[in-house]
Structure formats: structure tokens, C-alpha cells
Amino acid sequence: MRRFVASFTGALLGFGLLAAQAGPWPERQVTLIVPSAPGDGSDIAARLIGEKLQAALGQPVVVENRMGAGGVVGSAAAAKAAPDGYTLIMGNAGSHGIIPATYKDVPYDAMRDFAPVSLVYRAPNIFLASKKLTVKSLAELVAYAKANPGKLSFASGGNGSSAHMNSEYLKVLTGIEATHVPYRGSGPALNDLVSGQIEFMAVNLPPAIGLAQSGQVTPLAVTTRKRAAALPEVPTVEESGFPGYETVAWFGLLVPTSVPAEIVTRLHAEVVKACADLEIQKKLAVLGGDVVCNTPAEFRAFLAADIARWKEVAAAAKISLDPK
């Protein structure tokens with residue numbers, strides 16, 4: 001018995017020595033993955049929050065853009081990373097909301113493989129119409145589509161993108177028919193909308209503001225429950241006569257599942273501090289939405305609801321995509 005106690009005590013002492021040698025987190029560089037291109041909303045949010053985290057944690061926080069398959073590549077890399085707090089991801093509505101709901105054989109589970117830290121930002125999407133189409137409101141667009149079934153075409157930045165799914169959601173809700181024309185990114189799609197080759201589209205607010213304000217396209221409605229401060233004269237989809245419609249472009253910080261709770265707590269506290277910074281709020285305001293920075297539990301509930309909404313839309317629209 002004494003020999004067992006001695007062995008057990010030695011094991012505990014050894015474990016304690018290893019724990020002491022491991023030291024406090026973080027001891028080295030932290031990587032913050034962005035599963036989309038430089039310059040988009042996720043990237044902007046990641047770089048602003050990453051800068052604050054670096055100052056607070058005392059270690060480099062390096063933002064790494066890992067594009068591909070609409071967010072699958074970067075998200076899969078984050079999901080498979082060691083759960084040690086040295087890999088974070090700024091997920092978004094596409095990578096952690098739409099893709100899990102619409103793509104088959106995705107190499108990660110947005111709910112099971114990630115621990116939410118905080119939803120950082122929410123911004124509207126906006127419906128736009130070509131100036132060649134004489135409609136002035138979303139209600140007029142829907143009426144035109146019903147009077148001319150199948151004659152309208154709508155653009156998106158790609159199959160399964162937020163832009164694609166926002167318009168599919170409108171089709172499901174209103175019963176209109178329109179042909180989807182996917183592009184390789186929202187930039188080329190907006191160019192063809194301006195030139196009149198495409199009749200309408202939904203898109204994240206930032207790239208649309210200048211086009212709407214200059215009169216190159218007709219802003220129809222924003223997709224959130226309240227109007228966007230950047231375009232206060234543009235009504236919401238609900239105000240346009242279509243109750244129940246709401247989508248948001250969002251960006252949130254997550255870590256791989258099984259990251260120690262104390263690290264998640266520390267990260268959350270530092271993100272909340274960053275969100276309270278007036279300079280951060282000013283820089284994020286250009287995205288046209290609101291700083292959120294909620295709790296991990298609130299973010300998890302938000303994520304579950306977002307995936308459920310897109311699963312309903314995908315099922316109703318009969319959309320199932322291959323992430324390859």
C-alpha cells in the first residue's frame with residue numbers, strides 16, 4: 001500500500017512539474033484564420049480584433065487568410081488544429097452558417113468542432129436592382145417577377161454564397177421564379193448588375209453603399225430587422241411587405257472544441273474590451289452594421305439558429321452543393 005501511495009504521489013508531482021513547465025497561455029504566436037479573402041468583412045474584423053488581442057496577450061497574433069470552397073478550406077484547418085488556444089478563426093455567415101446547411105460532405109461540423117468565443121459583428125445584406133429594370137422597391141420587384149415568371153435573373157458571388165442564399169430565401173418566401181447566375185465573387189456580379197446584364201441581386205452592404213448612393217443601382221431593401229445607418233432611407237424586407245424575412249452578415253470568433261475553458265474565458269474578456277474601444281467601433285462602422293460581442297452561450301444559440309434557418313431555406317429551394 002505504501003508503495004502504491006508513493007507511486008501515486010510521484011505521478012502527481014510529475015504531472016505538477018509538467019504543468020508548471022507548460023507555463024501560462026500564450027507563450028508563443030497565435031494564428032487567427034480568416035476563411036475568406038483579404039479586405040472582406042471577416043478579414044477587417046479579424047485584423048482589428050487581432051491587433052487588440054496581440055496587445056493584450058503579449059504575443060503576436062497573425063491573421064492568416066485561407067480561402068477556398070466558400071470558407072471550407074480555412075474552417076476545416078481550424079477545426080483540425082490542436083485545441084491549445086494557438087489557433088483561432090473569425091468565422092462568418094457563409095463558413096459557419098450557410099455551408100453547414102447547404103453543402104454535403106463538409107469536413108467539419110460547425111456546432112460540434114468549434115467552441116464559440118463571441119459574435120463580434122452583425123451587418124445587413126441588401127437587395128439591389130439594375131437601373132434598366134424600372135422597379136423602385138422590393139414589392140415592385142416581386143410583383144414584376146410574378147407577372148413575368150422566369151424572366152428575371154439574379155447574380156451572386158457563387159453557388160452557396162450568402163448572396164445566392166439570400167435571393168433563394170426571397171424566392172421561397174414569395175414564390176417568385178428567377179434564374180440564378182453565379183459569378184466568381186461579388187465584384188464581377190455587381191459590375192454586370194450596373195451594366196444591366198443582371199436584373200437584381202443581394203450582397204453584403206459595404207460594396208453596395210457607393211453604388212447605391214451614386215445612383216448606379218437601385219437599393220430595394222436591407223435584410224435585417226432594422227434599417228442600416230449607412231442607408232437610412234432604404235426599408236427593410238419586412239417593411240417592404242414580407243414578414244419573417246431576416247438574414248445577417250456576421251463575423252464571430254471561435255476556437256477548436258476542447259480548448260481549455262480558461263482560455264476561452266480569457267479570449268472572451270479581451271474581445272469584449274476590444275469591442276468597447278471607440279476606435280474599433282468607428283472602423284467597424286464602415287461595414288454598415290453593429291458591434292455585438294456577446295457571450296459564448298449566446299453566440300452558440302445564434303449559430304444554431306442561423307444554421308437551422310439556412311437548412312430550411314436549402315430544403316425548400318432543393319439546394320445541396322458539393323464543396324470541392
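Here the structure is shown first, and the text comes after it.
Within every chain, residues take consecutive numbers counted from 1 along the sequence as written. Whole-chain, interface and lining totals are the exception, using all residues; otherwise, since this is a predicted model, local features are given only for residues with pLDDT of at least 70 and side-chain atom pairs are given and counted only at 80 or more. Water and hydrogen atoms play no part in the side-chain values, which are based on all heavy atoms of the structure.

Caption draft 1: Geometry of the pairing of strand β2 (residues 61-65). Across 5 bridges, strand β1 (residues 30-34) lies against β2 in parallel orientation. Residue pairing across strands places T31 opposite V62, the latter belonging to β2. The path from the first strand over the helix to the second decides the hand: if it runs clockwise while the strands point away from the viewer, the crossover is right-handed. Helix and strand definitions here come from DSSP, where helices need a minimum of 4 consecutive H or I residues and strands a minimum of 2 consecutive E residues; each element is numbered from the N-terminal end. In terms of handedness, the path from β1 via helix α2 (residues 41-57) over to β2 forms a crossover that is right-handed. Two strands qualify as a pair provided that DSSP identifies no fewer than 2 bridges between them.

Caption draft 2: Structural view of unusual backbone geometry. For the bond running from W25 to P26, omega is -5 degrees, close enough to zero to count as cis. Summarising the element assignment, P26 is placed in the loop between α1 (2-22) and β1. Residues other than glycine seldom take positive phi values, yet D105 does so here, at roughly 55 degrees. Within the secondary structure, D105 is located in the loop between α4 (93-102) and β4 (114-123). Relative accessibility thresholds used throughout: buried, under 20% of the residue-type maximum; exposed, over 50%; partly exposed, between the two (1.4 Å probe, protein chains only). On the basis of relative accessible area, D105 is assigned to the exposed category, the value being 73%. Within the chain, C293 stands out as a residue other than glycine whose phi angle is a positive 50 degrees. Topologically, C293 is positioned in the loop between β11 (290-291) and α11 (296-317).

Caption draft 3: Expanded view of the state of the cysteines. Disulfide: a pair of cysteine sulfur atoms within 2.5 Å of each other. Scanning all chains against the criterion turns up 1 disulfide. Bridging C275 to C293, the disulfide has an S-S length of 1.6 Å. Of the two residues, C275 sits in helix α9 (residues 261-276) while C293 sits in the loop between β11 and α11, which places them 18 residues apart along the sequence.

Purely geometric stuff here, so don't read any function into it on its own.
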